[in-house]
Amino acid sequence: MSNLLFDPIKTQASVTDSVIVAFSGGKDSIVTLDLCFRYFKRVVPFFMYLVPDLEFQEKLLRQYEKRYNTEIIRIPHFECSNFLKYGSFTLYDDNVDIVGIKDTYEYLREKTGIHWIAAGERAKDSIVRNAMIKKSGSIDYKRGRFYPVAYWSKQEILHYIKLKKLYLSPEQKKLGFSFRSLAGSELSAIKEMYPKDYEKILKVYPFAGAGVERFEKYGL
(Lines give C-alpha, C1' and ligand atoms only; values in the text may rest on other atoms or scores of the structure.)
Protein backbone atom coordinates (compact mmCIF):
# COMPACT_ATOMS: atom_id res chain seq x y z
CA MET A 1 0.00 0.00 0.00
CA SER A 2 1.54 3.29 -1.12
CA ASN A 3 2.44 5.83 1.57
CA LEU A 4 1.07 8.51 -0.78
CA LEU A 5 -2.43 7.40 0.17
CA PHE A 6 -1.85 8.80 3.66
CA ASP A 7 -0.77 12.26 2.50
CA PRO A 8 -4.32 13.71 2.62
CA ILE A 9 -4.97 12.62 6.23
CA LYS A 10 -1.52 13.87 7.30
CA THR A 11 -2.21 17.26 5.72
CA GLN A 12 -5.68 17.39 7.29
CA ALA A 13 -4.21 16.67 10.72
CA SER A 14 -1.99 19.74 10.31
CA VAL A 15 -5.11 21.91 9.86
CA THR A 16 -6.81 20.87 13.13
CA ASP A 17 -6.50 18.26 15.88
CA SER A 18 -10.27 17.68 16.14
CA VAL A 19 -12.74 16.18 13.69
CA ILE A 20 -16.31 14.92 13.43
CA VAL A 21 -16.58 11.70 11.38
CA ALA A 22 -19.59 10.67 9.31
CA PHE A 23 -19.84 6.95 10.00
CA SER A 24 -22.31 4.88 7.96
CA GLY A 25 -20.74 1.50 8.68
CA GLY A 26 -19.80 1.15 5.02
CA LYS A 27 -16.33 0.18 3.87
CA ASP A 28 -15.17 3.71 3.07
CA SER A 29 -16.45 5.16 6.33
CA ILE A 30 -14.85 2.33 8.33
CA VAL A 31 -11.43 3.16 6.90
CA THR A 32 -12.06 6.90 7.32
CA LEU A 33 -12.93 6.39 10.99
CA ASP A 34 -9.81 4.31 11.63
CA LEU A 35 -7.57 6.86 9.92
CA CYS A 36 -9.08 9.70 11.93
CA PHE A 37 -8.49 7.94 15.23
CA ARG A 38 -4.88 7.40 14.17
CA TYR A 39 -4.18 10.99 13.12
CA PHE A 40 -6.42 13.29 15.19
CA LYS A 41 -6.41 13.92 18.93
CA ARG A 42 -10.16 14.34 19.26
CA VAL A 43 -12.57 12.33 17.12
CA VAL A 44 -16.38 12.39 17.42
CA PRO A 45 -18.18 9.92 15.13
CA PHE A 46 -21.85 10.18 14.25
CA PHE A 47 -24.28 7.73 12.65
CA MET A 48 -27.48 8.66 10.81
CA TYR A 49 -30.29 6.11 11.05
CA LEU A 50 -33.49 5.66 9.04
CA VAL A 51 -35.05 3.72 11.94
CA PRO A 52 -33.62 3.92 15.46
CA ASP A 53 -32.29 0.94 17.43
CA LEU A 54 -32.06 -1.63 14.65
CA GLU A 55 -30.11 -4.43 16.30
CA PHE A 56 -27.91 -5.26 13.31
CA GLN A 57 -26.78 -1.63 13.12
CA GLU A 58 -26.37 -1.32 16.87
CA LYS A 59 -24.11 -4.39 16.83
CA LEU A 60 -21.85 -2.66 14.31
CA LEU A 61 -21.82 0.59 16.29
CA ARG A 62 -20.99 -1.22 19.53
CA GLN A 63 -18.09 -2.97 17.80
CA TYR A 64 -16.50 0.35 16.89
CA GLU A 65 -17.36 2.09 20.14
CA LYS A 66 -15.49 -0.66 21.95
CA ARG A 67 -12.57 -0.69 19.50
CA TYR A 68 -11.89 3.04 19.85
CA ASN A 69 -13.27 3.56 23.37
CA THR A 70 -15.66 6.18 22.07
CA GLU A 71 -19.35 7.05 21.83
CA ILE A 72 -20.96 7.29 18.41
CA ILE A 73 -23.67 9.94 18.22
CA ARG A 74 -26.94 8.56 16.80
CA ILE A 75 -29.17 11.00 14.93
CA PRO A 76 -32.02 10.63 12.42
CA HIS A 77 -30.96 10.76 8.79
CA PHE A 78 -32.00 14.07 7.25
CA GLU A 79 -33.97 12.16 4.58
CA CYS A 80 -36.37 10.96 7.29
CA SER A 81 -37.99 14.39 7.39
CA ASN A 82 -38.85 14.10 3.69
CA PHE A 83 -40.22 10.58 4.14
CA LEU A 84 -42.47 11.69 6.99
CA LYS A 85 -43.62 15.03 5.59
CA TYR A 86 -44.41 13.89 2.05
CA GLY A 87 -45.65 10.39 2.78
CA SER A 88 -42.83 8.26 1.37
CA PHE A 89 -43.36 4.76 2.80
CA THR A 90 -45.86 6.06 5.40
CA LEU A 91 -48.74 8.51 5.84
CA TYR A 92 -47.71 12.11 5.23
CA ASP A 93 -47.51 14.64 8.06
CA ASP A 94 -47.56 18.35 7.15
CA ASN A 95 -46.37 19.23 10.66
CA VAL A 96 -42.92 17.77 10.05
CA ASP A 97 -40.20 20.32 9.34
CA ILE A 98 -37.78 19.54 6.54
CA VAL A 99 -34.22 19.01 7.73
CA GLY A 100 -31.33 19.27 5.29
CA ILE A 101 -27.77 18.02 5.41
CA LYS A 102 -26.53 21.53 6.27
CA ASP A 103 -28.90 21.58 9.27
CA THR A 104 -27.49 18.23 10.39
CA TYR A 105 -23.90 19.41 10.11
CA GLU A 106 -24.60 22.66 11.95
CA TYR A 107 -26.29 20.74 14.76
CA LEU A 108 -23.24 18.46 15.11
CA ARG A 109 -20.83 21.39 15.03
CA GLU A 110 -22.79 23.17 17.75
CA LYS A 111 -23.08 20.01 19.84
CA THR A 112 -19.38 19.10 19.65
CA GLY A 113 -17.68 22.45 19.20
CA ILE A 114 -15.78 20.97 16.24
CA HIS A 115 -15.87 22.59 12.79
CA TRP A 116 -14.29 20.00 10.49
CA ILE A 117 -16.25 16.97 9.29
CA ALA A 118 -14.54 13.95 7.72
CA ALA A 119 -16.40 11.60 5.37
CA GLY A 120 -15.58 8.62 3.19
CA GLU A 121 -16.25 10.07 -0.26
CA ARG A 122 -13.89 8.70 -2.93
CA ALA A 123 -13.22 10.22 -6.34
CA LYS A 124 -13.57 6.82 -8.01
CA ASP A 125 -17.06 6.26 -6.55
CA SER A 126 -18.90 8.20 -9.24
CA ILE A 127 -18.64 10.98 -11.80
CA VAL A 128 -20.33 13.36 -9.35
CA ARG A 129 -17.90 12.63 -6.51
CA ASN A 130 -14.95 12.75 -8.86
CA ALA A 131 -15.99 16.24 -9.99
CA MET A 132 -16.60 17.35 -6.40
CA ILE A 133 -13.19 16.19 -5.16
CA LYS A 134 -11.44 17.44 -8.28
CA LYS A 135 -12.84 20.89 -7.52
CA SER A 136 -12.12 21.00 -3.78
CA GLY A 137 -9.29 18.53 -3.32
CA SER A 138 -9.23 16.33 -0.22
CA ILE A 139 -9.78 19.42 1.96
CA ASP A 140 -12.91 21.43 1.23
CA TYR A 141 -12.23 24.67 3.10
CA LYS A 142 -15.47 26.28 1.98
CA ARG A 143 -17.67 23.50 3.40
CA GLY A 144 -15.44 22.49 6.30
CA ARG A 145 -15.08 18.93 4.99
CA PHE A 146 -12.23 16.42 4.86
CA TYR A 147 -12.04 13.41 2.51
CA PRO A 148 -9.27 11.17 3.92
CA VAL A 149 -9.79 8.38 1.36
CA ALA A 150 -10.50 10.67 -1.59
CA TYR A 151 -7.91 9.04 -3.84
CA TRP A 152 -8.16 5.43 -2.64
CA SER A 153 -9.42 2.62 -4.88
CA LYS A 154 -11.95 0.04 -3.69
CA GLN A 155 -9.17 -2.57 -3.67
CA GLU A 156 -7.02 -0.38 -1.43
CA ILE A 157 -9.97 0.13 0.93
CA LEU A 158 -10.53 -3.63 1.17
CA HIS A 159 -6.82 -4.28 1.66
CA TYR A 160 -6.67 -1.79 4.53
CA ILE A 161 -9.73 -3.36 6.19
CA LYS A 162 -8.12 -6.78 6.00
CA LEU A 163 -4.75 -5.47 7.18
CA LYS A 164 -6.20 -3.67 10.20
CA LYS A 165 -8.78 -6.42 10.89
CA LEU A 166 -11.70 -4.01 10.79
CA TYR A 167 -15.21 -5.37 11.22
CA LEU A 168 -17.52 -5.68 8.19
CA SER A 169 -21.15 -6.44 9.00
CA PRO A 170 -22.83 -9.48 7.40
CA GLU A 171 -25.46 -7.48 5.50
CA GLN A 172 -22.72 -5.37 3.94
CA LYS A 173 -21.07 -8.51 2.63
CA LYS A 174 -24.41 -9.57 1.13
CA LEU A 175 -25.43 -6.18 -0.30
CA GLY A 176 -21.95 -4.97 -1.22
CA PHE A 177 -22.51 -1.81 0.87
CA SER A 178 -24.03 -0.77 4.19
CA PHE A 179 -27.82 -0.60 4.58
CA ARG A 180 -28.66 2.89 3.33
CA SER A 181 -32.17 3.10 1.85
CA LEU A 182 -35.68 1.67 1.88
CA ALA A 183 -35.35 0.23 -1.62
CA GLY A 184 -37.02 -3.15 -2.07
CA SER A 185 -33.76 -4.90 -2.92
CA GLU A 186 -32.09 -3.74 0.31
CA LEU A 187 -35.09 -4.38 2.54
CA SER A 188 -35.50 -7.85 1.07
CA ALA A 189 -32.00 -8.71 2.28
CA ILE A 190 -32.77 -7.27 5.73
CA LYS A 191 -36.02 -9.24 5.83
CA GLU A 192 -34.09 -12.44 5.14
CA MET A 193 -31.19 -11.80 7.50
CA TYR A 194 -32.82 -9.82 10.32
CA PRO A 195 -36.60 -10.44 10.36
CA LYS A 196 -37.12 -8.72 13.73
CA ASP A 197 -35.39 -5.57 12.52
CA TYR A 198 -37.40 -5.74 9.30
CA GLU A 199 -40.59 -5.65 11.37
CA LYS A 200 -39.26 -2.60 13.23
CA ILE A 201 -38.71 -0.87 9.89
CA LEU A 202 -42.27 -1.62 8.75
CA LYS A 203 -43.68 -0.15 11.97
CA VAL A 204 -42.13 3.19 11.02
CA TYR A 205 -42.53 2.87 7.22
CA PRO A 206 -45.47 0.46 6.66
CA PHE A 207 -45.65 1.07 2.90
CA ALA A 208 -42.03 -0.01 2.39
CA GLY A 209 -43.16 -3.63 2.33
CA ALA A 210 -44.77 -3.06 -1.08
CA GLY A 211 -41.35 -2.44 -2.59
CA VAL A 212 -40.07 -5.66 -1.07
CA GLU A 213 -42.96 -7.65 -2.52
CA ARG A 214 -42.37 -6.11 -5.94
CA PHE A 215 -38.66 -6.90 -5.80
CA GLU A 216 -39.19 -10.47 -4.64
CA LYS A 217 -41.86 -11.09 -7.28
CA TYR A 218 -40.50 -9.19 -10.28
CA GLY A 219 -36.89 -8.34 -9.39
CA LEU A 220 -37.64 -4.61 -9.72
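Calculation notes
- Residues numbered from 1 in each chain as written.
- Predicted model: local features only at pLDDT ≥ 70, side-chain atom pairs only at ≥ 80, totals over all residues.
- Heavy atoms only, no water.
- Salt bridge = Lys/Arg side-chain N within 4 Å of Asp/Glu carboxyl O.
- Buried < 20%, exposed > 50% of the residue type's maximum accessible area, 1.4 Å probe, protein only.
- Pairing = 2+ DSSP bridges.
- Helix = DSSP H or I, 4+ residues; strand = E, 2+ residues; numbered from the N terminus.

## Quick word on the pattern of salt bridges
(1) Moving on: Evaluated as defined, the whole model comprises 13 salt bridges.
(2) Moving on: Across the pair Glu55 and Arg62 runs a salt bridge, and its minimum N-O distance is 2.5 Å.
(3) Moving on: Residues Asp140 and Arg143 are paired through a salt bridge, measuring 3.8 Å at the closest nitrogen-oxygen approach.
(4) Moving on: What makes Asp140 buried here is its relative accessible area of 9%.
(5) Moving on: Residues participating in the shared-partner salt-bridge network are Asp28, Arg122, Asp125 and Arg129.

## A short note on the sheet that holds strand β4 (residues 117-118)
Across a sheet, strands are paired by hydrogen bonds formed along the backbone, either parallel or antiparallel in direction.
(1) Moving on: With respect to topology, six strands assemble into an open sheet ordered β3-β2-β1-β4-β6-β5, the strand pairing being mixed. A single partner strand is all that each edge strand has here, and the edge strands are β3 (73-76) and β5 (139-140).
(2) Moving on: Direction of pairing for β4 relative to strand β6 (residues 145-146): parallel, over a ladder of two bridges. Bridge assignment links Ile117 to a residue of β6, and that residue is Arg145.

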